[in-house]
Amino acid sequence: MRRKVLRSGAAVLLAVLGGMAGCRSAPPAKRLVAIITPPHDNPFFKAEAEAADAAARALGYETLVLSHDDDASRQDQLVDSALAKGAAAIVLDNAGADASVAAVRKAKEAGVPSFLIDREMNATGVATAQIVSNNYQGATLGAQEFVRLLGERGRYVELVGKESDTNAAIRSKGYGDVLRKYPDIVSVARVSANWSQTEAFQKMETILQGNRKIDGVLAGNDTMAVGASAALLAAGLPKVVVVGFDGSPDALAAIRRGEIRATVLQPAAQIARTAVEQADLFLRTGSTGRPEKQSVDCLLVTPENADRFGIFELVRK
Amino acid sequence: VSLLVRLRAVLALALLVAVFSSLTPAFLTQGNLVMLAKHVALNAILALGMTFVVLSGGIDLSVGSIAGLAGMVAGWLIHDGLVLRPLGVVVYFSAPSVIVIGLLVGIAVGAVNGLLVVRARVAPFIATLGTLYVARGAAMLVSSGATFPNLVGRADLGNTGFPLLGTGTLLKLPAPIWIMAALGVVSAFVASRTPFGRRVYAVGDNERAAALVGIRVARVKLAVYVMSGFCAALTGLVIASQLQAAHPATGQTFELSAIAAVVLGGTSLSGGRGSVGGTLVGAFVIGVLNDGLVLLGVSEFWQIVIKGIVIVAAVVVDQLASRPGTGTAPGRQR
């Protein structure tokens, strides 16, 4: 029996391999833009993918929207697939600053330009553009609001993102550079909650076990801010000032409810659209007219202006 | 009916190929099929090692972590070299020796799995779940969670050439395809033509009976985990070589794809029944699904749902076809 399976399996594979010899890939009718991002269960990535998708369709392109699950090997395979399908350009939120270089270079060697959004890559001259939000500027913006809300004095906890992620370090540095100037603002704890809501909730509970005298929590992203806020509410400490980063729909809702006091919105949708527009320009003229590295400023969201923001973009000025 | 069941993976594969090639002209092209085979190779290499473990009645959950660890060790040796502080020297290894060391890491973790199962009598599921965590943590520790970039090596250090393992080509086919093919042929031969292969089936069939006829069960079990560790490390090295970078999270959830390929290929999770050829076909079924759904532009969430349905459907066919009472009798179909 076992041998039969082997033999039949081989027969089918041979038939398949034989069948392919005569075929060639047909050129697509419309030019194709591949949009590759981390998984859409995070509204941030969903928003940027949808914004890029809509912008590309509006400019008359076909689109291929893919997700690499933050796995560089999977990303490599998706880039292969996009190239095989004849993509003219790739809009990519990459799966690792170092681990993505080979895939983007492969696309470049195949004559397909890549436009990186949200996350930078540790190489220049490989991608055509790298458009990211200015995390440092955003962090100083959030920290200044945090200082104002605390009245320039108090004891605070910082929840840091995943240590291996460059944005976690940049944001933490931005926070530190502002807070250092205020001697009456004292750090109680600085822990990593790996961008995770559950972890932030648990770490906040643990910190509160040892110390209930906390005036503020400064989180490296909104998911952690929401988790910390839940722990603070459960502990009967609703007055603690929580400030996040990202501008996620969850955080915006929490700001409207008064549970979180401020966040810094990354205009992800706008960045994605800009990338598509530059891709279109590049395909038509051979140049984006812009430097490879571009940064877009973040925006402060407070209870007063929260209603002007949509999903990762400023809707009404 | 029995023949139909045995061939279900092949039928599923043929069906998927027919569906995808009718839906998108880009599917059945030479370029796409070569690419598909290159993608399948990663899971297939893992699944080949896993096949022997499952045939022996065990399971190896640690393969994804071993892949990650082996890649990280290779990345570390190429990028930083081995720093011997007391001697004040840094030793750089040539690309082939880096690959050998990476494989030895996999063999070592596999041996730990085997010893836990054989000597400490820990259930394979638990033993390899433990090493899943330990190996993943170790991979993170190698670099404190960072990625080793740019693994092309330096000519003056004599450690260039590592990327060839994943990106080299022979007769226009990428190296991973050759590795998968070679490993597949060797595995099929070992499973069906050698005394060792027969012993693996016997142990999975009925461990006590195998021991009674004089098979050294412990040795067989140790060997299958070592083989699985070797295959996992090889996968990790190929990935690091393809990406020219080693990332500590590489290989997360790979164990599930590998087990899916083995089960789709008709190998029984209770051991003693199955084949290497089936596993390869199973790996191709998953690969065709992965790439085909991407080419079609199916949303990622539907991709996950469809993959799950195909895997379960294939096994349901198996269950329906094996009659109650005799259906679970091990070794019935050999």
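How each quantity is defined
Residues numbered from 1 in each chain as written. Chains lettered and ligands numbered in written order. Predicted model: local features only at pLDDT ≥ 70, side-chain atom pairs only at ≥ 80, totals over all residues. Heavy atoms only, no water. Helix = DSSP H or I, 4+ residues; strand = E, 2+ residues; numbered from the N terminus. Buried < 20%, exposed > 50% of the residue type's maximum accessible area, 1.4 Å probe, protein only. Contact = heavy atoms within 4.5 Å. Lys, Arg positive; Asp, Glu negative; His and termini not counted. Charge placed at Lys NZ, Arg CZ, Asp CG, Glu CD. Pairing = 2+ DSSP bridges. Axes fitted to C-alpha atoms, helices over the stretch in contact; angles between N-to-C directions. Core = buried A, V, L, I, M, F, W, Y, C linked by side-chain atoms within 4.5 Å. Salt bridge = Lys/Arg side-chain N within 4 Å of Asp/Glu carboxyl O. Patch = residues over 30% accessible without salt bridge, like charges linked within 9 Å, V, L, I, M, F, W, Y side chains within 5 Å. Areas by Shrake-Rupley, 256 points an atom, 1.4 Å probe, with all protein chains shown as cover. Polar contact = N/O pair within 3.5 Å; in protein donor to acceptor, adjacent residues only side chain to side chain. pLDDT = per-residue confidence, 0-100. Phe/Tyr/Trp six-rings, centres within 6.5 Å; stacked < 30°, edge-to-face > 60°. Lys NZ or Arg CZ within 6 Å of the ring centre and 35° of its normal.

Brief notes about the overall build of chain B
Inference 1: When helices and strands are counted, chain B shows 14 helices and 4 strands.
Inference 2: Projecting the C-alpha coordinates of chain B onto the three principal axes gives extents of approximately 70 × 55 × 35 Å.
Inference 3: Residue burial in chain B is summarised as follows: out of 334 residues, 56% are buried.
Inference 4: Relative to all contacts within chain B whose residues are 6 or more apart in sequence, the contacts with residues 24 or more apart total 75%.
Inference 5: Here chain B contributes 21 positive and 9 negative side-chain charges, whose respective centroids are spaced 12 Å apart.

Some words on the overall build of chain A
Inference 1: If you tally the helices and strands in chain A, you get 10 helices and 12 strands.
Inference 2: Each of the three principal axes of chain A carries a C-alpha extent, and together these read 75 × 60 × 30 Å.
Inference 3: Long-range contacts, defined as pairs at least 24 residues apart, comprise 72% of the intrachain contacts of chain A with a sequence gap of at least 6.
Inference 4: Put simply, chain A has 38 plus and 36 minus side-chain charges, and the middle of one group is 4 Å from the middle of the other.

Overview of the sheet that holds strand S9 (residues 241–243) of chain A
Residues and elements named next belong to chain A.
Inference 1: One open sheet holds the 4 strands; their spatial order is S7-S6-S8-S9, and the pairing between them is parallel. The sheet is open, and its two edges are formed by strand S7 (185–192) and S9, each paired on a single side. Neighbour-to-neighbour, the strand axes of the sheet open up by a mean angle of 15 degrees, direction not taken into account.
Inference 2: Relative to S9, strand S8 (residues 216–219) is paired through 3 bridges, and the arrangement is parallel. Residue pairing across strands places valine 217 opposite valine 242, the latter belonging to S9.
Inference 3: Running over the sheet, helix H7 (residues 197–210) touches strand S6 (154–160), S7 and S8 and is turned about 130 degrees from S7.

Examining the nonpolar core
Inference 1: Core analysis: the largest hydrophobic core is formed by 102 residues, its most contacted members being Phe27(B), Phe162(B), Met180(B) and Val288(B).
Inference 2: Apart from the residues lying within four places of it in its own chain, the contact partners of Met180(B) are Ala37(B), Val40(B), Ala41(B), Ala44(B), Ile45(B), Leu48(B), Leu280(B) and Phe284(B).
Inference 3: If you look at the next biggest cluster of nonpolar residues, it comprises 31 residues, including Leu208(A), Ala228(A), Ala254(A) and Ile260(A).

Details of the pattern of salt bridges
Residue and element names in this part refer to chain A.
Inference 1: For the structure on display, the rule yields 22 salt bridges over all chains.
Inference 2: Of the charged contacts, one joins glutamate 199 and lysine 203 as a salt bridge, the two residues approaching to 3.3 Å between their closest N and O atoms. Taken as a pair, glutamate 199 and lysine 203 lie in helix H7 at a separation of 4 residues, close to a single helical turn.
Inference 3: What makes glutamate 199 partly exposed here is its relative accessible area of 24%.

Quick word on the sheet that holds strand S3 (residues 87–92) of chain A
Residues and elements named next belong to chain A.
Inference 1: Strand order in the open sheet formed by 6 strands is S2-S1-S3-S4-S5-S11, with parallel pairing between adjacent strands. Pairing within the sheet leaves two strands with one partner each, and these edge strands are strand S2 (62–67) and strand S11 (293–296). Sheet twist, expressed as the average angle between the axes of neighbouring strands with direction ignored, equals 20 degrees.
Inference 2: Taken together, the 4 bridges between strand S5 (residues 129–133) and S11 define a ladder with parallel strand orientation. When the bridges of S11 are listed, glutamine 130 appears paired with lysine 293.

Some details on a positive patch on the surface
Residues and elements named next belong to chain B.
Inference 1: On the surface, Arg198, Arg199, Arg216 and Arg219 cluster together into a positively charged patch.
Inference 2: With respect to the element layout, arginine 219 can be found in helix H11 (residues 217–243).
Inference 3: Its relative accessible area of 56% is what places arginine 219 among the exposed residues.

A few points about the pairing of S5(A)
All names here are of chain A.
Inference 1: The buried count for S5 comes to 5 of 5 residues, which makes it a mostly enclosed element.
Inference 2: In S5, alternate side chains face the same way, and those of Ala129, Ile131 and Ser133 on one face and Gln130 and Val132 on the other are all buried.
Inference 3: When strand S4 (residues 114–117) meets S5, the two strands line up parallel, connected through 3 bridges. Each bridged residue has a counterpart across the sheet, and for leucine 116 the counterpart in S5 is glutamine 130.

Observations concerning unusual backbone geometry
All names here are of chain B.
Inference 1: With phi around 55 degrees, asparagine 150 is a residue other than glycine that occupies positive phi space.
Inference 2: One can find asparagine 150 in the loop between helix H6 (124–143) and helix H7 (164–167).
Inference 3: Even without being glycine, leucine 171 reaches a positive phi, approximately 50 degrees.
Inference 4: Assignment of secondary structure puts leucine 171 in the loop between strand S3 (169–170) and strand S4 (173–174).

Some thoughts on the side chain of Glu292(A)
Residues and elements named next belong to chain A.
Inference 1: With respect to the secondary-structure elements, glutamate 292 resides in the loop between helix H10 (268–285) and S11.
Inference 2: With no salt bridge to any partner, buried glutamate 292 finds its closest opposite charge in lysine 293, at an N-O distance of 6.0 Å.
Inference 3: Among the polar contacts listed, one links the side chain of glutamate 292 to the backbone nitrogen of glycine 125, at a separation of 2.7 Å.
Inference 4: Leaving out residues up to four positions away in the same chain, glutamate 292 has contacts with Ala123, Thr124, Gly125, Val126, Ala127, Thr128, Ala129 and Gln130.

Focus on the confidence of the model for chain A
Inference 1: When pLDDT is averaged along chain A, the result is 88; 91% of the residues meet or exceed 70.
Inference 2: Low pLDDT, under 50, characterises residues 1–28 of chain A; the predicted model gives this stretch 36 contacts beyond four residues in sequence or across chains.

Describing the environment of Val134(B)
Inference 1: One can find Val134(B) in helix H6.
Inference 2: Taking the C-alpha atoms as reference, Val134(B) lies 8.3 Å from Ser65(B); in sequence the two are 69 residues apart.

A short note on the confidence of the model for chain B
All names here are of chain B.
Inference 1: Overall, the prediction assigns chain B a mean pLDDT of 87, with 94% of residues at 70 or greater.
Inference 2: Scored below 50 in pLDDT, residues 325–334 makes 14 contacts in the model with residues more than four places away or belonging to other chains.
Inference 3: For this predicted complex, the interface confidence comes out at an ipTM of 0.70, alongside a pTM of 0.77.

Details of the packing of aromatic side chains
Residue and element names in this part refer to chain A.
Inference 1: Tallied over the full model, the rule gives 5 aromatic pairs over all chains.
Inference 2: Between phenylalanine 44 and phenylalanine 312 the ring centres are 4.7 Å apart and the planes differ by 80 degrees, which places this aromatic pair in the edge-to-face class. Pair noted here: phenylalanine 44 is in helix H2 (residues 43–58) and phenylalanine 312 is in the segment after strand S12 (299–301), with a separation of 268 residues, a long-range link.
Inference 3: Relative accessible area serves as the criterion here: at 7%, phenylalanine 44 is assigned to the buried category.
Inference 4: Taken together, the ring pairs in this structure connect Phe44, Phe45 and Phe312 into an aromatic cluster.
Inference 5: In this arrangement the basic side chain of arginine 171 is found over the ring face of phenylalanine 245, its NZ or CZ atom lying 4.0 Å from the centre.

As for a nonpolar patch on the surface
Residue and element names in this part refer to chain B.
Inference 1: On the surface, a nonpolar cluster with roughly 350 Å² of combined accessible area is contributed by Leu15, Val19, Leu23 and Leu296.
Inference 2: Among the elements that line the nonpolar patch, the one with the most residues is helix H2 (residues 8–23), at 3 residues.
Inference 3: In this structure, leucine 15 sits in helix H2.

Regarding the environment of Arg212(A)
All names here are of chain A.
Inference 1: When you line up the elements, arginine 212 lands in the loop between H7 and S8.
Inference 2: Those residues within four positions of arginine 212 in sequence are excluded, and the remaining contacts are Ala235, Gly236 and Leu237.
Inference 3: Here the side chain of arginine 212 touches alanine 235 through a polar contact of 2.8 Å, landing on its backbone oxygen.

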